[in-house]
Amino acid sequence: LTVETVANVCSVQYHPTNFHYIAVGCSDHQAYVYDLRQANQPVVTLSGHKRAISYAAYSKDSELLTASTDNTLRIWNVQSGESKRVLSGHVNQKHFVGLALKDDWVAVGSETNELFVYNKALDSPIHRYSFGETEGQNSHHFISATCWKPRSEMILCASSDGNLRVLSLE
């Protein structure tokens, strides 16, 4: 099976319960949801970002989170195509920074070498953790990877300077 898209693909993910559906984040500033049984055109197109979408990740059956190099995250209703919320506060303009989801929590890296943690119900981050001396806009390092430890409030994150940190939200 081949799915042909109109733009370069930056991210893909299967739907968590319906394995016929995939989400695709693209360089044309849009995300697409495809039904692999009829993959000639998307089921829904999600438009609203101003730059490339670096990640597309399902957070619930009917909800998709996208990250873009326009410094925002968006939460979408994938059935209606409606943008439900825009999360902003981190810096992401040229690198694909780390992103991880856990229930209503989103951990995302920043090009300021910081990790930001959002609750999906709020527009602004509720936690911010700096990787140290290279903090701020002048930093050349960024948080490149992050993940939640299963069944805990622990986050593992990595910086492009080679440092790994285990953080706790407890």
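Up top you'll find the structure we're talking about.
As a convention, each chain's residues are numbered from 1 in the sequence order in which they are written. Side-chain atom pairs in this predicted model are given and counted only at pLDDT of 80 or more, local residue features only at pLDDT of at least 70, and totals for whole chains, interfaces and linings cover all residues. Excluded from the side-chain calculations are hydrogens and water; all other atoms, namely the structure's heavy atoms, are used.

A. Representation of the packing of aromatic side chains within the structure. Between rings of Phe, Tyr and Trp, where Trp is taken as its six-membered ring, a pair exists when centres lie within 6.5 Å; planes separated by under 30 degrees are stacked, by over 60 edge-to-face, and by other angles tilted. This structure, assessed with the given rule, holds 2 aromatic pairs. Judged by centre distance (6.3 Å) and plane angle (40 degrees), the rings of Tyr32 and Tyr34 are tilted. Of the two residues examined, Tyr32 and Tyr34, each falls in the buried class. Taken together, a centroid distance of 6.1 Å and an interplanar angle of 80 degrees make the contact between Tyr129 and Phe131 edge-to-face. A 1.4 Å probe rolled over the protein chains alone gives each residue an accessible area, and that area as a share of the maximum for its type sets the label: buried under 20%, exposed over 50%, partly exposed in between. Classification of Tyr129 as partly exposed rests on a relative accessible area of 32%. Relative accessible area serves as the criterion here: at 3%, Phe131 is assigned to the buried category.

B. Main features of the sheet that holds strand S5 (residues 53-60). Taken in spatial order, the 4 strands make up an open sheet running S5-S6-S7-S8, and their pairing is antiparallel. Two strands close off the open sheet at either side, each with one partner strand: S5 and strand S8 (83-88). The average undirected angle you get between the axes of adjacent strands in this sheet is 20 degrees. Each pair of strands is called paired provided DSSP finds at least two bridges between the two strands. To qualify as a helix, a DSSP run of H or I must reach at least 4 residues; to qualify as a strand, a run of E must reach at least 2; elements of each kind are numbered from the N terminus. Sheet topology note: the S5/strand S6 (residues 63-68) ladder contains 6 bridges and is antiparallel. Directly across from Ala56, in S6, lies its bridge partner Thr66. Only the stretch in contact is used when fitting a helix axis, every axis being a line fitted to C-alpha atoms; angles between N-to-C directions are given from 0 to 180 degrees.

C. Layout of the pairing of strand S11 (residues 114-119). In terms of burial, S11 is largely enclosed, as 6 of its 6 residues are buried. With burial as the criterion, each face of S11 is covered, one bearing Glu114, Phe116 and Tyr118 and the other bearing Leu115, Val117 and Asn119. For strand S10 (residues 105-109) and S11, the ladder comprises 5 bridges, and the chain directions are antiparallel. Along S11, the bridge assignment pairs Val108 with Phe116. If you look at the hairpin formed by S10 and S11, you'll find 4 residues sitting between the two strands, and Asn113 has a positive phi there, around 65 degrees.

D. Summary view of the pairing of strand S2 (residues 21-26). S2 sits mainly inside the fold: 5 of its 6 residues count as buried. Here 5 bridges tie strand S1 (residues 9-14) to S2, and the two strands are oriented antiparallel to one another. By the bridge assignment, Gln13 is partnered in S2 with Ala23. Linkage of S1 to S2, two consecutive antiparallel strands, is achieved through a turn of 6 residues. Judged from the 5 bridges that link them, S2 and strand S3 (residues 30-35) form a sheet pairing that is antiparallel. Across the sheet, Val24 pairs through a bridge with Tyr32, a residue of S3. Taken together, S2 and the strand that follows it, S3, pair antiparallel across an intervening segment of 3 residues, in which His29 is found at a positive phi of about 80 degrees.

E. Molecular detail of the nonpolar core. Joining through side-chain atoms within 4.5 Å is the link that ties buried Ala, Val, Leu, Ile, Met, Phe, Trp, Tyr and Cys residues into a set, and such a set is a nonpolar core. Core analysis: the largest hydrophobic core is formed by 12 residues, namely Leu65, Ala67, Leu73, Ile75, Leu87, Val97, Leu99, Val106, Val108, Phe116, Tyr118 and Phe142. Where this core is concerned, the elements lending two or more residues are S6, strand S7 (72-77), S10 and S11. Leave out the neighbours within four places in its chain, and Leu65 touches Tyr55, Ala56, Ala57, Leu73, Arg74, Ile75, Leu87, Leu99, Leu101 and Val106. Contacts are assigned to residue pairs with any non-hydrogen atoms lying within 4.5 Å of each other.

F. Molecular detail of the environment of His140. Note on placement: His140 falls in the loop between strand S12 (127-130) and strand S13 (143-148). We classify His140 as exposed; its relative accessible area is 74%. Note: C-alpha distance between His140 and Val6 (134 residues apart in sequence) is 32 Å.

G. Up close: the sheet that holds strand S9 (residues 99-102). Read from one edge of the open sheet, 4 strands run S9-S10-S11-S12, paired in antiparallel fashion. One side of each edge strand has no neighbouring strand; the edge strands of this open sheet are S9 and S12. With direction set aside, neighbouring strand axes in the sheet form an average angle of 15 degrees.

Any functional reading would require information beyond the geometric quantities listed.
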